[in-house]
Amino acid sequence: MKDELFKQSPKKQFEFDKSVASVFDDMIHRSVPLYKENLELCVGLIAKLAPQKAKICDLGCASGNFLIELSKLRNDFVLSGVDSAAAMLEIAKQKSKAYGVKIEFFERSLDDFDFFKNDVFIATYTLQFIRPPKRQALVDKIYENLNENGFFLMSEKILYEDAFLSKQILELYAEYKEKQGYTKFEIAAKREALENVLVPYSSKENILMLENAGFKKIESLFKWANFETFIAFK
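Along each chain, the written sequence defines residue order, and numbers are assigned to residues from 1. Local features in a predicted model are, by the rule used here, given only for residues with pLDDT of at least 70; side-chain atom pairs are given and counted only at 80 or more, and totals for whole chains, interfaces and linings are based on all residues. Derived side-chain values reflect all non-hydrogen atoms in the structure, with water molecules and hydrogen atoms excluded from consideration.

**Brief notes about the overall build of the protein**
So, point 1. Comment: elements are numbered from the N terminus, with helices defined as DSSP H or I runs of at least four residues and strands as E runs of at least two. When helices and strands are tallied, the protein shows eight helices and eight strands.
So, point 2. Relative to a compact globule of 234 residues, whose C-alpha radius of gyration would be 17 Å, the protein shows 17 Å and is just as compact.
So, point 3. Projecting the C-alpha coordinates of the protein onto the three principal axes gives extents of approximately 50 × 40 × 30 Å.
So, point 4. A 1.4 Å probe rolled over the protein chains alone gives each residue an accessible area, and that area as a share of the maximum for its type sets the label: buried under 20%, exposed over 50%, partly exposed in between. Counting every position in the protein, which comprises 234 residues, the buried fraction comes to 53%.
So, point 5. Any pair of residues with heavy atoms lying within 4.5 Å of one another is described as a contacting pair. Sequence separation of 24 or more characterises 73% of the internal contacts of the protein that already satisfy a separation of 6 or more.
So, point 6. By element, 53% of the accessible surface of the protein is carried by carbon and sulfur atoms, the whole surface being about 12,000 Å².
So, point 7. In the protein, 34 positive and 35 negative side-chain charges are present, and the distance between their average locations comes to 3 Å. Just to be clear, the radius of gyration here is over C-alpha atoms, and the globule rule we use is 2.2 Å times residues to the power 0.38. The Shrake-Rupley method, run with a 1.4 Å probe, gives the accessible areas here. Residue values count only the displayed protein chains as cover. Counting rule applied: Lys, Arg positive; Asp, Glu negative; His and chain ends not counted. To locate a charge, take atom NZ for lysine, CZ for arginine, CG for aspartate or CD for glutamate.

So this is what it looks like as C-alpha cells:
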C-alpha cells in the first residue's frame, strides 16, 4: 500500500501500529535515501564475512526485509528477528512464509529482550527509537552477546554537529522526499509526529557509544547526508 498516513495532521506521536505496518515497505523505500542499495550492500557483506551456519539476529526487524534478503544469498544462516510491534511482526511472518524462509520471531521490547549469543547482530534504523538514557546499555548487551569475532551492523539517521550545515542537509533531505512524491505538508506532519520519538545521534556519538561497549574496530560503511551505516567488530 502507498504511504499516505500524513496527508492530515497527526493526532498522536509516531508509532509502529497497524496503520504504519500496512504501508511500511513503501514508507521506508521513499523515506530513506538509497534504502535498497544500502540493504544490498549490507547483506552482501554479511554473506562474505559471516561463518558457516552463522546465527544472525535482527533487532527491530520490522517487516523482515533484511532477513529475507540474507536468506537469498545463503541458506545456511540461522535467522531470528525481534520487534515490539505485533502488526509489523505479522507482516514479517507472512512474508517469510511466502518466501519459504525459516525465521524465528520474538515479539519483545529490546529493553526486556532476553538476549542470546549470535555471530551477527543487525539494527537497521532501530537505535534511534531507543530513549538515549537506555541506548548505551542496549549496545553493551549487543556486544556481550556477540560470539568471538562477531560483528554488529547498525544503520541510523544522524545529526550534523555544525548548525549551518545541519540546516542545509535537512533541506536537501526534505527536497529528496518531495521527489519521492511526498508533499511539504506530509513531510512537516511526519516530522511533528516523530518529534521526541526518533532521537538521532551524531556520527561521533554513535562511534563513541560503540567504543564504550567494547568494540575495537569500527568503520563507516555507507553514508548519504543524514543517514549512515556502521559496522563494528568484537
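Don't stop here, the text continues.
**A short note on the pattern of salt bridges**
So, point 1. Just to be clear on terms, a salt bridge is a Lys or Arg side-chain nitrogen sitting within 4 Å of an Asp or Glu carboxyl oxygen. The tally for this structure, following the rule as stated, stands at twelve salt bridges.
So, point 2. The residue Lys72 makes a salt bridge to Glu69 at a minimum N-O spacing of 2.9 Å. Taken together, the positions of Lys72 and Glu69, both in helix α3 (residues 65-73) and three residues apart, correspond to about one turn of that helix.
So, point 3. Exposure remark for Lys72: the relative accessible area of 48% places this residue in the partly exposed category.
So, point 4. Assessed through its relative accessible area of 25%, Glu69 is described here as partly exposed.
So, point 5. When the shortest N-O distance is used, the salt bridge between Lys204 and Glu161 registers 3.8 Å.

**Topic: the packing of helix α5 (residues 132-144) against helix α8 (residues 203-213)**
So, point 1. Between N-to-C directions, angles span 0 to 180 degrees; the directions come from axes that are lines fitted to C-alpha atoms, helices contributing only their stretch in contact. At their nearest, the axes of α5 and α8 sit 8 Å apart, and the two run at 50° to each other. Classed by the angle they form, the pair α5 and α8 counts as oblique. Of the two possible hands of crossing, α5 and α8 adopt the one that is right-handed. Contact residues: α5 offers Arg135, Gln136, Val139, Asp140 and Tyr143, while α8 offers Met209, Leu210, Asn212 and Ala213.
So, point 2. Under the scheme applied here, ten amino acids are nonpolar (Ala, Val, Leu, Ile, Met, Phe, Trp, Tyr, Cys and Pro), four are charged (Asp, Glu, Lys and Arg), and all others, including Gly, are polar. In the contact of α5 with α8, the residues fall into five nonpolar, two polar and two charged. If an angle is under 35 degrees, it is roughly parallel; if it is over 145, roughly antiparallel; if it lies from 65 to 115, roughly perpendicular; otherwise it is oblique. By definition, any crossing whose near helix is turned counterclockwise from its far helix by less than a right angle is left-handed, and any crossing with a clockwise turn is right-handed.

**Side note on the layout of surface pockets**
So, point 1. Within this scheme a cavity is a closed region of a 1 Å grid, computed over the protein atoms alone, that accommodates a 1.4 Å probe without allowing it to escape, whereas a pocket is open but has protein on both sides within 12 Å along at least five of seven lines; lining residues each have an atom within 4 Å of a point. Grid points are joined across faces, edges and corners, and a volume is the space filled by probe spheres set on the points. Counted as a void, the second largest pocket has a volume near 240 Å³.
So, point 2. Around the second largest pocket, the lining is made up of 13 residues, and of these Leu5, Phe6, Pro10, Lys11 and Lys12 lie nearest the centre.
So, point 3. Residue classes in the lining of the second largest pocket are distributed as five nonpolar, four polar and four charged.

**Concerning the pairing of strand β8 (residues 227-233)**
So, point 1. The buried fraction of β8 is high, at seven of seven residues.
So, point 2. Of the two faces of β8, the one holding Phe227, Thr229, Ile231 and Phe233 and the one holding Glu228, Phe230 and Ala232 are both buried throughout.
So, point 3. Strands are labelled as partners when DSSP assigns at least two bridges between them. Across seven bridges, strand β5 (residues 146-159) lies against β8 in antiparallel orientation. Note on β8: the bridge partner recorded for Lys157 is Phe227.
So, point 4. Two strands pair when backbone bridges link them, and strand β7 (residues 217-224) and β8 are joined in this way by seven bridges, in the antiparallel orientation. Bridged to Glu219 within β8 is Ile231.
So, point 5. Where β7 hands over to β8, the hairpin turn is made up of two residues, of which Ala225 adopts a positive phi near 50°.

**Brief notes about the environment of Val20**
So, point 1. Tracing the chain through its elements places Val20 in helix α1 (residues 18-31).
So, point 2. Linking Val20 and Ala87, residues 67 residues apart in sequence, is a C-alpha distance of 8.6 Å.
So, point 3. Setting aside chain neighbours within four positions, we find Val20 in contact with Leu5, Phe14, Glu15 and Met27.

**Examining the state of the cysteines**
Simply put, disulfide is the name for a covalent bond between the sulfur atoms of two cysteines.
So, point 1. Count a disulfide wherever a pair of cysteine sulfur atoms falls within 2.5 Å. Applying the stated rule across the entire model yields zero disulfides.
So, point 2. A disulfide-free cysteine, Cys61 has its sulfur positioned 8.2 Å from the sulfur of Cys57, the nearest such atom.

**Some remarks on the packing of aromatic side chains**
So, point 1. Pairing of aromatic side chains here covers Phe, Tyr and the six-membered ring of Trp, requires ring centres within 6.5 Å, and sorts the geometry by plane angle: under 30 degrees stacked, over 60 edge-to-face, intermediate tilted. The full count for this structure, using the stated rule, is 16 aromatic pairs.
So, point 2. Relative to Phe14, the ring of Phe6 lies with its centre 6.4 Å away and its plane at 15°, an arrangement referred to as stacked.
So, point 3. Accessibility expressed as a relative area gives 9% for Phe6, which makes it buried.
So, point 4. According to the relative accessible area criterion, Phe14 is buried, its value standing at 9%.

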